[in-house]
Amino acid sequence: MTTTKNTTATATTAAQTLAQAPILTRRAEAETCADPSSTMTLLAETDPGQGGFTVYRSTFAEGAAGAPSHFHTRAWELFFVISGSLEVLVGEEVTVLGEGDFLAMPPHTPHAFAAAKGSEADVLFMFTPGMDRFDYLRLLGSVMRGETAPAAIAASSERFDNHYVDSPAWRAALESRA
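Residues numbered from 1 in each chain as written. Predicted model: local features only at pLDDT ≥ 70, side-chain atom pairs only at ≥ 80, totals over all residues. Heavy atoms only, no water.

## Things to note about the pattern of salt bridges
Part 1 of the argument: Evaluation of the coordinates by the stated rule reveals 7 salt bridges.
Part 2 of the argument: Between Arg 138 and Glu 31 there is a salt bridge, with the nearest N and O atoms lying 2.6 Å from each other. With Arg 138 in helix α2 (residues 133-144) and Glu 31 in strand β1 (residues 31-35), the pair connects residues that are 107 residues apart, well separated along the chain.
Part 3 of the argument: On the basis of relative accessibility, which here comes to 34%, the residue Glu 31 falls in the partly exposed class. (Salt bridge = Lys/Arg side-chain N within 4 Å of Asp/Glu carboxyl O. Helix = DSSP H or I, 4+ residues; strand = E, 2+ residues; numbered from the N terminus. Buried < 20%, exposed > 50% of the residue type's maximum accessible area, 1.4 Å probe, protein only.)

## Section: the sheet that holds strand β9 (residues 111-115)
Strand-to-strand pairing in sheets goes through backbone hydrogen bonds, with the strands running parallel or antiparallel.
Part 1 of the argument: Pairing is antiparallel across the open sheet formed by 5 strands, whose spatial order is β7-β6-β9-β4-β11. Two strands lie at the open edges of the sheet, namely β7 (93-97) and β11 (163-164), each paired on one side alone.
Part 2 of the argument: Two strands pair when backbone bridges link them, and strand β4 (residues 65-71) and β9 are joined in this way by 3 bridges, in the antiparallel orientation. Of the residues in β9, the one forming a bridge with Ala 65 is Ala 114. (Pairing = 2+ DSSP bridges.)

## So, helix α5 (residues 168-177)
Part 1 of the argument: Looking at α5, one finds that the buried residues are Trp 170, Ala 173 and Arg 177. Buried residues along α5 cover an arc of 60° about the axis, so they all sit on one side. α5 presents Glu 175 and Ser 176 as exposed residues on the side facing more than 90 degrees away from its buried surface.
Part 2 of the argument: Its buried side turned inward, α5 meets β4, β6 (86-90), β7 and β9. (Arc of directions from axis to C-beta. Contact = heavy atoms within 4.5 Å.)

## Some remarks on the packing of aromatic side chains
Part 1 of the argument: Going through the model one piece at a time under the given rule, you end up with 8 aromatic pairs.
Part 2 of the argument: Between Phe 113 and Phe 125 the ring centres are 5.0 Å apart and the planes differ by 40°, which places this aromatic pair in the tilted class. Of this pair, Phe 113 sits in strand β9 while Phe 125 sits in strand β10 (residues 121-128), placing them 12 residues apart in sequence.
Part 3 of the argument: Here Phe 113 falls in the buried class, since its relative accessible area comes to 6%.
Part 4 of the argument: A relative accessible area of 0% means that Phe 125 is categorised as buried.
Part 5 of the argument: Ring-pair connections join several aromatic residues into one group, and the members of that group are Tyr 56, Phe 60, Phe 79, Phe 113, Phe 125 and Phe 127. (Phe/Tyr/Trp six-rings, centres within 6.5 Å; stacked < 30°, edge-to-face > 60°.)

As structure tokens, this is what we get:
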């Protein structure tokens, strides 16, 4: 009986391994989305129905806006600052992440981000489980370039698990930049 269980477990593990093949994205082959203040390099996204993850890299121009205050109900959003500085709202507290800093934002936590005043930012973003973020980033770029009406973002909140909220702390942080 023990042998049968081990064989079954091994067969299940082998099937899972085949279903979860490695993902390699070469920089030269990665899709990019751009808007006036940032470029997003889409690195990897797995089927949201399978859990998994979404990973992309964003480079922000000096002082550029990133995302207004929002939260996700189903996914963690992870930030890793490759270079520069990123100003981030965490709940109702604003902090600055520098090169090498990592932040894991749990579901239901309001957050926002922008390149810190006087700084560019190069940031690796990860979501787990994956959330069809690539389609959201394509839509966002289209809105930012004036090709799509801004109402399309609000209409997509459930699909992309992106729920915008007001944050007095984030508004104050943005006003202090002026």
